[in-house]
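Residue-level structural notes
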Amino acid sequence: MSVIARIFQNYHRHTHRTNVLVPDSTVSNEDYAKRAVELGHGIISTMEHGNQGCYIEGYNLAQQHNLKFVFGAEAYWVKDRTVPDPTNGHIYIGARNENGRQCINDILSEANLTGFYKRPRIDVPLLLSLPKDDVIVTSACVAFWKYDDVEDIVQALAQHFEKNFFLEVQYHLTDAQRRLNQRILAVRDRLKIPIIMG
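These remarks concern the structure in this document.

Calculation notes
- Residues numbered from 1 in each chain as written.
- Predicted model: local features only at pLDDT ≥ 70, side-chain atom pairs only at ≥ 80, totals over all residues.
- Heavy atoms only, no water.
- Salt bridge = Lys/Arg side-chain N within 4 Å of Asp/Glu carboxyl O.
- Helix = DSSP H or I, 4+ residues; strand = E, 2+ residues; numbered from the N terminus.
- Buried < 20%, exposed > 50% of the residue type's maximum accessible area, 1.4 Å probe, protein only.
- Expected span 1.5 Å × (residues − 1).
- Arc of directions from axis to C-beta.
- Contact = heavy atoms within 4.5 Å.

Tallied over the entire structure, the rule returns 13 salt bridges. In this structure, Lys132 engages Asp133 in a salt bridge whose closest nitrogen and oxygen atoms are separated by 3.5 Å. Across the salt bridge formed by Glu162 and Lys132, the nearest N and O atoms sit 3.1 Å from each other. Of this pair, Glu162 sits in the loop between helix 5 (150–161) and strand 7 (165–169) while Lys132 sits in the loop between helix 4 (124–128) and strand 6 (135–138), placing them 30 residues apart in sequence. Judged by relative accessible area, Glu162 falls into the partly exposed class, the value being 45%. Counted as one network, the salt bridges with shared partners bring together Lys132, Asp133, Glu162 and Lys163.

Pasting the structure below:
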């Protein structure tokens, strides 16, 4: 009997610099790097709400602690960034390589220039402009699932990003998260999209 080892890597995490409106973390990048080493993890990521975080700091900490650096962002998204839509769903976008990092930076900049409405927002066309082999995209948290037709959007993202699109489940002990995880499992079964745990 073969055993498949699953090693958790904390790619979806935030620091004290994230979400200035509603802070949801008090931890620094350095704290995460030290804890990653303690737990035997292999990565340190930068990922804040609406921006890529202090990625130079993340890169330097990765070098200092012998970790792999993962560049990412939990972007705010809407269907159409040109419309004053306050939905501001969340979506994880991570770079697989330097071209992916540059393309993510480009759409985050565009979110500030042409998509700003209360927050910098990317939209589905900007997401689909990302090169499918250079990024990883996940459905992030409960805040991804805000539109009535979000499963159609999930299907479009999965078709575009193929093996680099994941449905993200999370381990929050809330009824809303439990219900969402069950929904995600049903969507996975129907659309054959892989699961990732954030």
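Here we take up helix 6 (residues 175–191). Spanning 17 residues, helix 6 covers 24 Å between terminal C-alpha atoms, matching the ideal 24 Å at 1.5 Å per step. Among the residues of helix 6, Gln177, Leu180, Asn181, Ile184, Val187 and Leu191 are the ones counted as buried. Take helix 6 and look down its axis: the buried residues cluster within an arc of 125 degrees, on one side only. For helix 6, the exposed residues set more than 90 degrees away from the buried face come down to Asp175, Arg179 and Gln182. Close packing links the buried residues of helix 6 with helix 5, strand 7 and strand 8 (195–197). Looking one or two residues beyond helix 6, the residue adopting positive phi is Lys192, at roughly 60 degrees.

With that settled, the discussion passes to the side chain of Ser28. On the secondary structure map, Ser28 appears in the segment before helix 1 (29–39). Using a relative accessible area of 18% as the deciding quantity, one classes Ser28 as buried.

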